[in-house]
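Structural characterization, general
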Amino acid sequence: MSDIMTKNPRGTDPLARPGVLAHRRMPRWAPAGIAVAAIAVGTALGLALGLSSKIQWGLIALILFVLGTYVITAAVEDRRQAKDRVVTSAVWACFVVAVVPLYSLVETTIAKGAKMINGNFLSHSMAGVLSNDTGGGVYHAIIGTLEQVGLASLIAIPIGVFTAIYLVEYGRGKLAVAVTFFVDVMTGIPSIVAGLFILAFWILVLGFSYSGFAGSLALVILMIPVVVRSTEEMLKLVPNELREASLALGVPKWRTILKVVLPTALGGITTGVMLAVARIAGETAPILLLVFGNPMINNDPFHGTQSSLPFYIYEQYVLGTEQSYDRAWGAALVLIAFVMILNLVARGIARWKAPKTGR
Amino acid sequence: MEITKETAPPPPAVPAAAAHGRRGVTRPGDRIFSGLSRGSGILLLVLMAAIAVFLTVRAANAISQDHGNFLTTFEWDANTTPPVFGIAVLLYGTLVSSVIAMAIAVPIAVGIALFMTHYAPRRLGGPLAYVIDLLAAVPSIVYGLWGALFLVPHLQGLTSWLDQYLGWTVIFDQSNPGTAPRNLFTAGILLAIMILPIITNVSREVIRQVPAAHEEAALALGATRWETIRMSVLPFARSGIISASMLGLGRALGETMAVVTVLSSSDKLTAHILDPGGGTFAANIASHFGEATSLGRDALIASGLVLFVITLLVNGAARVIIARRKEYSGANA
């Protein structure tokens, strides 16, 4: 419906200017033209004044673009149209501002990380590698991440799915309201607080030592609310007729849920779970507190310290040498690739399962 | 989650009919299954209670041995004898960096939400939603690495410029011009990028729900697109946008790794946000944990408890506002 406005611009009251129904309009290419001019002037100013940072060039161009749009439109059209165009250009600017950091981040990570990725980097640990040695790798960190995330998923997925089943299929009254509210609140728990809780409970009170499993427990707390929320959304989408048909045939309720409701929603639930896995795979803070890091390969998540990919990035960043920065970028690339692949597969499943044509 | 939400039919009312079938014969299988699912729900509540209890117990232990005032002391020397530590700097740093993040992220996020709903060509809308989701999926440590090794050097020019021309505002004054911008301002910018997706996604869901009749009425009166948005879209979506911002604030308050890597922390409390120094709760925990003694750990847990309570209040308030319209919870954002 917003198209109506661009096709039929009656900015001013026609009665105020008798005989003028449609007044002067800017050509269609005007916004693009102003944008190009603004970028050109921004770059020229940046070069002329010797501003070192490209961020400043961009900001100058942005301000010129918005101001220029207002002044030119106000001159050619009228103030109301000018305001409208300024907002349009500001909204476009917001879009650009959102894309730029993501582009820069991905570009930097690939540019600096790609040269590190090779068989040696992926198959070696950091055992005996000094901070300013080249070489070393992420094998132990990948093992750690996979084991910690796997264990966390094993615990969090059943609890999360059952809670969602409770909320959708059974939940009535105060308990359900309380669970819904606290699931929402749990999504907001900072990961470092989850880590501190497991530290207080598992390590300080129960007396266990640092291990991959302790890290998994903190990841469970972060994962459960995401699984509950996405599963709940999916279960709500299952048509009621399916449940009624099954119950009418005399199938017990639990078998109805297990054999009719869950299979129908399986695609969506899988998507939600994979997104949750992708999210906890990148958590650093709880690992920092509970797994403690280990330069060597430790395949046993229940005994002894481990490493993990996000922790490894932090560890190498803190070392602060050229070689360790390179390793950090390499590991960042591996981690981003892992998370993005999970995301893409999850979205693929979502799209594939999207049309609910029964099963 | 967004894709399925868009393509799937509107959620039916909660299956009320299914509930009535419960009265009648109760089979053991039913009892076990409903017990399991109810038990999971209760387990969540127990977990939340346990978090509060365990953190409080350890925190009480630490605060009782604190030789400074826990609320007003600037230093964080929990490992020394006598231990002196306080959260004044951390509270200040957490609030300032989050406020900077909000001031940058909220207008841009609302702008992007409007872009996706009202301005973008249809072909651009879908990919853009995907880009925003990718922004949300990038792990915080990668943001931290990028922030420290890319953003900090690139912000040097901007901070000097701000210092030079806006230094008279005190806020933008740098005590030692030319120092690397490892300050609360840079941390705030990085946090803004990180909380952009959640604010955008929740705002977009709210804006989508503005009744078409409201907008059509405004358009029929001859309003421009901006006037339509200002008169019919924003008033309707205001409460949703506020709670979206508070969800973002909750994220910003508790973010750890991005602040640890970017900020050069110190126990200095200053109004000059371009000066390096300061700290946040989460960053302080992460950076002091390695060398902490047993009391030091309890002290860090005490600061974590304060962070927990603050985020709980912010998130709880956001949820109460948002609960009026249940369809968009933002939990998947």
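Because the structure is a prediction, the values reported are computed rather than measured. Counting starts from 1 at the beginning of each chain's written sequence and moves along it residue by residue. Following the order in which they are written, the chains are lettered starting with A and the ligands numbered starting with 1. Where local features are concerned, this predicted model is filtered to residues with pLDDT of at least 70; where side-chain atom pairs are given and counted, the filter is 80 or more; whole-chain, interface and lining totals use all residues. Computation of side-chain values covers all heavy atoms of the structure but excludes hydrogens and water.

Description of the UniProt feature "domain: ABC transmembrane type-1" (unreviewed entry) in chain B
UniProt positions are given in the numbering used here, feature names are shortened, and annotations may be inferred rather than shown by experiment. Taken from the UniProt record, the annotation "domain: ABC transmembrane type-1" (unreviewed entry) applies to residues 91-318 of chain B. Helix makes up 77% of residues 91-318 of chain B and strand 0%, whereas the separation of the span's terminal C-alpha atoms amounts to 21 Å. Runs of E in the DSSP output that reach at least two residues are strands. Runs of H or I that reach at least four are helices, and both are numbered from the N terminus.

Some words on the packing of helix α3 (residues 54-76) of chain A against helix α6 (residues 140-166) of chain B
Where α3(A) meets α6(B), the closest approach of the two axes is 7 Å, and the angle between their N-to-C directions is 55°. In terms of orientation, α3(A) and α6(B) fall into the oblique class. Of the residues in α6(B), those touching α3(A) at I55(A), Q56(A) and L59(A) are L151(B), H154(B), L155(B), G157(B), L158(B) and W161(B). Each residue gets one of three labels, nonpolar for Ala, Val, Leu, Ile, Met, Phe, Trp, Tyr, Cys and Pro, charged for Asp, Glu, Lys and Arg, and polar for the others, Gly among them. In the contact of α3(A) with α6(B), the residues fall into 6 nonpolar, 3 polar and no charged. Lines fitted to C-alpha atoms define the axes, with helix axes restricted to the stretch in contact, and inter-axis angles between N-to-C directions lie between 0 and 180 degrees. In this scheme, roughly parallel covers angles under 35 degrees and roughly antiparallel covers those over 145, while 65 to 115 is roughly perpendicular and the rest are oblique. We call two residues in contact when some of their heavy atoms are within 4.5 Å.

Overview of the nonpolar core
Side-chain atoms within 4.5 Å are what join buried Ala, Val, Leu, Ile, Met, Phe, Trp, Tyr and Cys residues into a set we call a nonpolar core. Burial classification: accessible surface area is computed with a 1.4 Å probe over protein chains only, and a residue below 20% of its type maximum counts as buried, one above 50% as exposed, and the rest as partly exposed. By size, the foremost hydrophobic cluster in this structure holds 196 residues, and its most contacted members are I165(A), I192(A), L235(A), I313(A), L55(B), I112(B) and V142(B). Looking at this core, you find at least three residues from each of domain 1 (2-114) and domain 2 (139-353) of chain A. Residues M26(A), A30(A), I34(A) and A38(A) belong to the second largest nonpolar core, which totals 5 residues. Domain start and end points were adopted from an automatic or database domain assignment.

Focus on the interface of chain B and chain A
With 112 residues of chain B at the contact, the number on the chain A side is 109 residues. Accessible area that two parts lose when put together, with a 1.4 Å probe and added across both, is what the buried area reports. Summed over both sides, the interface between chain B and chain A buries roughly 10,100 Å², with carbon and sulfur atoms accounting for 77% of that surface. Counted as salt bridges are all cases of a side-chain nitrogen of Lys or Arg within 4 Å of a carboxyl oxygen of Asp or Glu. On inspection of chain B and its partner chain A, the count reaches 2 salt bridges. Pairs of N or O atoms within 3.5 Å make up the polar contacts considered here, provided that, within protein, one atom can donate a hydrogen while the other can accept it, and that residues adjacent in sequence are counted only when both atoms are side-chain atoms. Summed over the shared surface of chain B and chain A, the number is 12 residue pairs in polar contact (both at pLDDT 80 or more). The class makeup of the residues in the side of chain B that touches chain A is 73 nonpolar, 23 polar and 16 charged.

Observations concerning the UniProt feature "transmembrane region" (unreviewed entry) in chain B
Mapped onto the present numbering, the UniProt feature "transmembrane region" (unreviewed entry) falls at residues 41-63, 83-116, 128-152, 184-202, 233-253 and 299-322 of chain B. Segment residues 83-116 of chain B splits into 85% helix and 6% strand. End C-alpha atoms: 53 Å apart.

A closer look at the UniProt feature "domain: ABC transmembrane type-1" (unreviewed entry) in chain A
With numbering aligned to this structure, UniProt lists the feature "domain: ABC transmembrane type-1" (unreviewed entry) at residues 142-346 of chain A. Taken end to end, residues 142-346 of chain A is 80% helix and 0% strand, and its two terminal C-alpha atoms sit 21 Å from one another.

With respect to the packing of aromatic side chains
Here a pair means two rings of Phe, Tyr or Trp (six-membered ring of Trp) with centres within 6.5 Å. Their orientation is stacked below 30 degrees between planes, edge-to-face above 60, and tilted elsewhere. As enumerated under the stated definition, the model contains 19 aromatic pairs over all chains in all. Relative to F182(A), the ring of F181(A) has its centre 5.5 Å away and its plane inclined at 80°; by these criteria the two rings are edge-to-face. The class for F181(A) is partly exposed, based on a relative accessible area of 31%. An angle of 45° between the planes, with centres 5.4 Å apart, marks the rings of W161(B) and Y165(B) as tilted. Of this pair, W161(B) and Y165(B) both sit in helix α6, separated by 4 residues, roughly a single helical turn. Judged by relative accessible area, W161(B) falls into the partly exposed class, the value being 38%. Here a set of aromatic residues connected by ring pairs shows up, and it is made of W202(A), F208(A), F213(A) and F302(A). Directly above the aromatic system of Y170(A) lies the positively charged group of K253(A), at a separation of 4.6 Å from the ring centroid. Over the ring of W254(A) we find R255(A), and its NZ or CZ is 5.8 Å from the ring centre. Here, a charge over a ring means that NZ of Lys or CZ of Arg falls within 6 Å of the ring centre while also lying within 35 degrees of the ring normal.

Quick notes on the domain arrangement of chain A
Residue and element names in this part refer to chain A. Domains assigned within chain A are domain 1 (2-114) and domain 2 (139-353). For domain 1 versus domain 2, the distance between C-alpha centres works out to 42 Å. Contact with domain 1, which involves 7 residues of that partner, is made by 5 residues of domain 2. Here domain 1 meets domain 2 over a buried area of about 530 Å², counting both sides, of which 84% is carbon and sulfur.

Thoughts on the environment of I192(A)
Inspection of the secondary structure puts I192(A) in helix α8 (residues 191-205). Of the residues examined, I192(A) reaches a relative accessible area of 0% and is grouped as buried. Considering only alpha carbons, one finds I192(A) and W57(A), 135 residues apart in sequence, at a separation of 37 Å. With residues near it in sequence (within four places) discarded, I192(A) still touches A285(A), L289(A), G254(B), T256(B), A282(B), I285(B), A286(B) and L307(B).

What to know about the pattern of salt bridges
One pass over the structure, following the stated rule, counts 10 salt bridges over all chains. For R229(A), the salt bridge goes to E232(A), with nearest N and O atoms at 2.1 Å. Here E232(A) and R229(A) lie together in helix α9 (residues 212-237), a separation of 3 residues that amounts to about one turn. With a relative accessible area of 3%, R229(A) lands in the buried category. Taking the shortest distance from any N to any O, the salt bridge between E205(B) and R208(B) comes out at 3.9 Å. Of this pair, E205(B) and R208(B) both sit in helix α7 (residues 184-208), 3 residues apart, which is roughly one turn of that helix.

Focus on helix α4 (residues 88-119) of chain B
Each full turn of the α-helix corresponds to 3.6 residues, which orients residues three or four apart in the same direction. All names here are of chain B. The end-to-end C-alpha distance of α4 is 44 Å, a good match for the 46 Å that 32 residues give at a rise of 1.5 Å each. Bend, at a single residue, is the angle you get between axes fitted to the 7 residues ending at that residue and the 7 residues starting at it. The principal kink in α4, of about 30°, is found at A105, preceding the proline P107 by one to four residues. Buried residues dominate α4, accounting for 24 of its 32 residues. Expected span, for any helix, means 1.5 Å times one less than how many residues it has.

Notes on the confidence of the model for chain B
Residues and elements named next belong to chain B. Here chain B shows a mean pLDDT of 83. Residues at 70 or above account for 89%. What pLDDT reports is the predictor's confidence in each residue, on a scale of 0 through 100. Within chain B, the lowest mean pLDDT, 43, falls on helix α1 (residues 2-7), and the highest, 92, falls on α4. Note that pLDDT drops below 50 for residues 1-22; the model gives that stretch 40 contacts with residues more than four away or on any other chain. Overall, residues 327-333 carries pLDDT values under 50, and its contacts beyond four positions in sequence, including any with other chains, amount to 26 contacts. On the interface metric, ipTM, the complex scores 0.83, and its pTM is 0.84.

Observations concerning the environment of Q164(B)
Mapped onto the elements, Q164(B) comes out in helix α6. Taking C-alpha positions, Q164(B) is 8.7 Å from P177(B), a pair spaced 13 residues apart along the chain.

Digging into helix α11 (residues 253-281) of chain A
Residues and elements named next belong to chain A. Between its first and last C-alpha, α11 extends only 36 Å over 29 residues, short of the 42 Å set by a 1.5 Å rise per residue. Along α11, the sharpest kink reaches roughly 60°, centred on L266. Taking burial as the measure, the 29 residues of α11 include 21 buried ones, the bulk of the element.

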